[in-house]
Structure formats: structure tokens, C-alpha cells
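# Structure assessment
In case you want the letters, here they are:
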Amino acid sequence: MLGTLRGALWVPDWPVAAAIASSLAAPEEAVAVCDSRVRAASPAARRQGVRQGDTRRKAVSLVPHLTIISRDDDRDSRVFAGVLDAIEDHVAATVILRPGLVTFGASAPARLAGGLDALAASLISSVASQAEESQVGYGCGLLTSVLAAREGRNVPAEETASFLADFPVTATLTVAPNGRVRREWEETIDVLGSLGITTIGQFATLDHSQIASRFGLTGTILWRLCHGADHAVIQTTAPAAEVAVRRHVDAIANEEQAAFLAKELADELAGKLAARMQVCGQLVVQAHFAEGGERSRTWSVDGVNSARDITDRVRWQISGWLDSRHTHPLGELTYLELTAADLTPAGTRQATLWGDSRRGREQAQRSVLRIQGMLGDSAVQSVRWTGGRCPDAATECENWQAVQEKTETDRPWVGAVPRPWPSIVFPHAPRVLLSCRCGGSLYVDESIQLACVDCVEPTPGRFVLAPMPSRSDAERPDSSRAHAAYYYSRPVQVWNYAGPWSISGRWWAPDSYRRAYLQIGVEGPAALIYRSGTSWLLEGIYS
């Protein structure tokens, strides 16, 4: 399962380093690169309280003499080309995750350099002219190497699992190759968090088949990364032939002409991929120059194969190569080749609820606002996590897009039902019947222990939904019971159980409660039930 030994070079706060390298600020200044919010801050600014995500106004209020520089992705990519040139003196093939973070196979370069430490020292020394601070790390697989670089350490293969275990699952976002993939990963990570799975160690213990069936390709990629594997997913079809476009051109010396060439080739490559119904995981940009030089770069794109996305990456790369401040001018561009690598069939990624397009999300949002305008703000609601001791007390409904005061919901709740919690929680817990293996009814005594009316060794044996109340007792159908009936309409055998745990809350309010919870493993999905008064009720299902 462990991937190949990889290295990663990370430049902290690269947008700031790129601005300093472009002579827009001095290294000792307090600097922040912003759009509407702070995207990166220099060490001097961070020491005075500026943090990524702060608004401009807050940043300036903390540091009145703060130097504000506008965000410029083109500048970040163009300046990073100099860092890549320095790296190429020691490493033959690199993969750019984003400007400021690059990975490479470490085994062969380390042998030539005299060891991993010697290679790291050489890389840091080589890029010092472009970035005063950089860190190199090594580990098996993509995620391990990147997280190791953030700590500047070498993680041996046998320590991979223990090294990754304590990181939050959100640490996988550091290797997301682009914004769209990052959003897809965030959605999966949010679902895992709702199931009580917050660390890589917890996620890695789950069975791969269950992850693949529930979360599809996105879940498989995250699961492999958390096991120290390489990013690529095992292919189920034969590898496709190379898809490439190339063009010999008259000498091109400026970025405007190069941009037109990049768009022309990007459109052609995107068309070829669409015709083959494939997407690529990596984009290789290769160029020849008039002075005899050749350059090649590999960008991680991970399925983002629109002509616009390809054009941006090619344009950024060519701009860096044609930069007049290049230490060794390469001359005019005479040949450009784009190759789509790591090909997979299109449509193997799970779509989001609103689809993958921004237009779809905007249309959904407009529809929601229209419904609220006709029926009132409370007509469309979403579930907000508030924290609590049991699943049904840990969330509340709020009006769609309602602005609520942020609270600390991840703090520990003393006496809470043990995690993980069920993925399906019923708004109105349906009544269930739990009987002992002897056939008698089970209850919870005053000492919070299971007891049976007919025997002295109470053990859960059978579990079933209680009969539906008569129509006179229920004015309308109970959707919670109808949902539960899909799983437990007939009696099922109880294989094992955990608990009971006593939970009480809201003692000061009319809706105070005191419950005894049981987790039960049955034929079908496991369930979380509780005893309240003289009844057993179904809180949720581990689907």
C-alpha cells in the first residue's frame, strides 16, 4: 500500500515570497497579499496578529503600517519558475501541486547527492535567492511527503502510519491540486466529520470497500492518501494511448503572443480529451527555445480539463520561461507541446448535490431565495451543528443562509454518547421493541444496567419496530417511522451490543430528558436506541 519515496519542497506564504522577489516589498516589512481577505502574510505581519482569512480592515487595524499587495496568480506562477529552475539542478522530474509546493521522486536524486539530508540542504541553498525560507521533507506517498515538508523532516516508511495518524482529515486538503477538487474533498470530509471521523488514523482503519461504495472515487483517493499511497488510483481499464498536441511556431518573444498560442493548443487538447471521453490527472508542458534550451514542467490538474484551466497553466508556465529577468535567458519560443497524462474515463467522479458547474449552484441558490420570497425565510431550512451529548441534541434547524454567531462546537462534551454517531438521525424517534434472548422484555434499572422481566441474565436478542399507532393517535403519517421501516419492518437478530449509557439534559426546561442509550449490531445496519420512561426509541441508524 505504501507509495514510492517522495520528496516535497514547500515555500511558506509563497504569494508573499513572490511579491518580495518581484521587488514589491522588502523582506523585513509587514506584508499581506489580499483580495477581499488576507491570503498570505509575512512573518512580521503574523507576529503582530495578522492571519490568513482576515479582512483587509482587520489586518490594517492590527498593523497600521501593513503593506497591502493585491493577489496575482500570474505573478505567483511566473516567479515560481525561477524556483523550479533551481530545483532542476538537483532533481530531474518534478510535479507542481501549486506555486510554492512541488514534489519529486527522491530515491535517485538522494543517491546522487549523498543522502536525503544532503539533497535537502542542496535544494534549500539553491532556492534561497528566490525564497529566503523553504523546507524539504520526505515520506512514502504524496500526502506524507508534503506534511513532512511542513515539519522539515524525513519520515521512515515504518513510521508512516504513526506520523499521519494524529493529523486531522482536513490535512489532505494540502495536496488538493485545484479549487474544484478541494471543494469535492471538503464535502466528503464534512460527511466524515458528521460520522465522528476527524483524524487520519480513524479514517485509515475503515474498510476500503465501504469507503468506495459510499464516497466513490473521491473517498478512494482520500483513503489511499491517508495510507501513505501515491495519489493515482488503480486503473480498471488498460492504459490509454498518449494524448498530445504540438506546434512549431515562428519565434515568440512576448507573453501576449504566447497566450494566444497557449489558448489555441489548450482548445485542441480539451477537444481531443472530450472526443475520447477522458480526463487527465497531469498536464505536461514542454517547450523549445531559440537558444537551444528545452524546458518541461508537469502540472497536477486532477480532472480539471476545461480549455480555460489548461490555458491558465500553460500561460503561467510560458510567462515564467520568457521572463526577461531570467538568470539565463532562453531566447524566443519556437516549439510548444502539451501532453495529457494519467488518463481516466470521464464521469468516474461523484457529482455534488447541485452538480459540478458553478452555474448549477447559482441556479439552485436563486431557486431557494425565490421560495423564501414567496413563503417566508423559514420555508427553506438547513441543519447546523451545535454540539451536544447525543445526536438529536447536537444539531438545530436554521433558515437557509441565516447568519449565526459562531460557537465552539468541537469542544468535548462530558458524558456524551460514545462516537461514532449514526449517519441517519430521526427528527421524531420511532418506538421500537427490544426483547431478551429468553423472550422477555428488556428495560434499564436504577443502576443503569440492563434487566429482563423473565430472567436474571439479560441479553438483547430481537429488535423490531413497534406497531404503528392507530390513525386516531396520529393525525398524519410519521416520516421517521416510514424511513425506519425500510430497515426494521420485521424482527431482526441482535448480534452484539454496547452500553447502556445514561444521558440527561435540559433539567431546567420543560423538555428535559433522561435516557439510557444502547448501540446494537443487528442483521442490517447497526442502530442507536435509547430507553426513555417505559419505551425504547430509535435515535438513529449507522448506514
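Residues numbered from 1 in each chain as written. Predicted model: local features only at pLDDT ≥ 70, side-chain atom pairs only at ≥ 80, totals over all residues. Heavy atoms only, no water.

## Examining the overall build of the protein chain
On a plain count of helices and strands, the protein chain comes out with 15 helices and 22 strands. Put simply, the protein chain has 543 residues, and 45% of those count as buried. Once local pairs closer than 6 in sequence are excluded, the contacts in the protein chain between residues at least 24 apart make up 61%. By element, 51% of the accessible surface of the protein chain is carried by carbon and sulfur atoms, the whole surface being about 27,800 Å². (Helix = DSSP H or I, 4+ residues; strand = E, 2+ residues; numbered from the N terminus. Buried < 20%, exposed > 50% of the residue type's maximum accessible area, 1.4 Å probe, protein only. Contact = heavy atoms within 4.5 Å. Areas by Shrake-Rupley, 256 points an atom, 1.4 Å probe, with all protein chains shown as cover.)

## Overview of the confidence of the model for the protein chain
When the pLDDT values of the protein chain are averaged, the result is 78; 83% of them are 70 or greater. No element of the protein chain has a lower mean pLDDT than helix α14 (residues 358-375), which averages 62, and none a higher one than helix α8 (residues 160-165), which averages 90. Low pLDDT, under 50, characterises residues 349-358; the predicted model gives this stretch 18 contacts beyond four residues in sequence or across chains. (pLDDT = per-residue confidence, 0-100.)

## Here's the deal with the packing of aromatic side chains
One pass over the structure, following the stated rule, counts 3 aromatic pairs. Their ring planes at 65° and their centres at 5.3 Å tell us that Phe163 and Phe167 sit as a pair that is edge-to-face. In this structure Phe163 comes out as buried when scored by relative accessible area, which is 9%. Since its relative accessible area comes to 19%, Phe167 is described here as buried. Residues Tyr517 and Tyr530 carry aromatic rings whose centres are separated by 5.2 Å and whose planes lie at 45° to one another, so their mutual orientation is tilted. Residue Tyr517 is found in strand β20 (residues 513-522), and its partner Tyr530 is found in strand β21 (residues 526-532); the two are separated by 13 residues along the sequence. Using a relative accessible area of 0% as the deciding quantity, one classes Tyr517 as buried. Taking NZ or CZ as reference, Arg150 lies 4.6 Å from the ring centre of Trp10, over its face. (Phe/Tyr/Trp six-rings, centres within 6.5 Å; stacked < 30°, edge-to-face > 60°. Lys NZ or Arg CZ within 6 Å of the ring centre and 35° of its normal.)

## Some points on the side chain of Thr339
Mapped onto the elements of the fold, Thr339 is located in strand β11 (residues 333-345). Looking at Thr339, its side chain comes within polar contact range of the side chain of Glu337, at 3.3 Å. (Polar contact = N/O pair within 3.5 Å; in protein donor to acceptor, adjacent residues only side chain to side chain.)

## Describing unusual backbone geometry
Of note in the backbone geometry, Asp13 takes a positive phi value of approximately 50° without being a glycine. On the secondary structure map, Asp13 appears in the loop between β1 (5-10) and α1 (14-21). Classification of Asp13 by relative accessible area gives partly exposed; the value is 26%. Even without glycine at this site, Ser23 takes up a positive phi of about 65°. Here Ser23 lies in the loop between α1 and β2 (31-34). Residue Ser23 is classed as exposed on the basis of its relative accessible area of 65%.

## Here we look at the sheet that holds β2
Taken in spatial order, the 3 strands make up an open sheet running β3-β2-β4, and their pairing is mixed. If you trace the sheet from one side to the other, it starts and ends with β3 (38-41) and β4 (67-70), each paired once. Going from strand to strand, the sheet's axes swing by 30° on average, the running direction of each strand aside. Here β2 pairs with β4 via 4 bridges, running parallel. Considered in β4, the bridge of Cys34 is made with Ser70. (Pairing = 2+ DSSP bridges. Axes fitted to C-alpha atoms, helices over the stretch in contact; angles between N-to-C directions.)

## Section: the environment of Val314
Within the fold, Val314 resides in helix α13 (residues 307-322). C-alpha separation for the pair Val314 and Gln286, spaced 28 residues apart in sequence, amounts to 9.6 Å. Non-local contacts of Val314, meaning those with residues more than four positions away in its chain, are made with Ala262, Leu283, Val285, Leu336 and Leu338.

## Let's talk about the environment of Ala341
Mapped onto the elements of the fold, Ala341 is located in strand β11. For Ala341, the contacting residues outside a window of four places in its chain are Cys280, Gly281 and Gln282.

## Let's talk about the nonpolar core
Counting 56 residues, the largest nonpolar core has Leu9, Trp14, Ile87, Leu269, Val314, Leu336 and Leu338 as the members making the most contacts within it. Membership of the second largest hydrophobic core comes to 34 residues, among which are Ala8, Leu164, Ala176 and Ile200. (Core = buried A, V, L, I, M, F, W, Y, C linked by side-chain atoms within 4.5 Å.)

## Focus on helix α7 (residues 142-151)
An α-helical turn contains 3.6 residues, so a residue and the one three or four places further along point in the same direction. A large share of α7 lies buried, amounting to 8 of its 10 residues. Every buried residue of α7 is accounted for by Leu142, Leu143, Thr144, Ser145, Val146, Leu147, Ala148 and Ala149. Gly152 sits one or two residues past α7 and shows a positive phi near 60°.

## Details of the pattern of salt bridges
As enumerated under the stated definition, the model contains 13 salt bridges in all. Between Arg46 and Asp13 there is a salt bridge; the shortest N-O distance is 2.3 Å. With a gap of 33 residues between them, Arg46 in helix α2 (residues 43-47) and Asp13 in the loop between β1 and α1 connect regions that are remote in the sequence. Residue class for Arg46 comes out partly exposed when judged on its relative accessible area of 31%. Across the pair Asp54 and Lys58 runs a salt bridge whose closest N-O atoms are separated by 3.7 Å. Lys58 gets classed as partly exposed once you look at its relative accessible area, which sits at 42%. (Salt bridge = Lys/Arg side-chain N within 4 Å of Asp/Glu carboxyl O.)

## With respect to helix α15 (residues 479-488)
Turning to α15, its buried residues number three or more, namely Ser480, Arg481, Ala484 and Tyr488. Taken down its axis, α15 places every buried residue within 85° of arc, on the same side. Along α15, the residues that are exposed and aim more than 90 degrees away from the buried face are Ser479, Ala482 and Tyr486. Where α15 is buried, its residues contact β18 (460-465), β19 (492-505), β20, β21 and β22 (535-542). (Arc of directions from axis to C-beta.)

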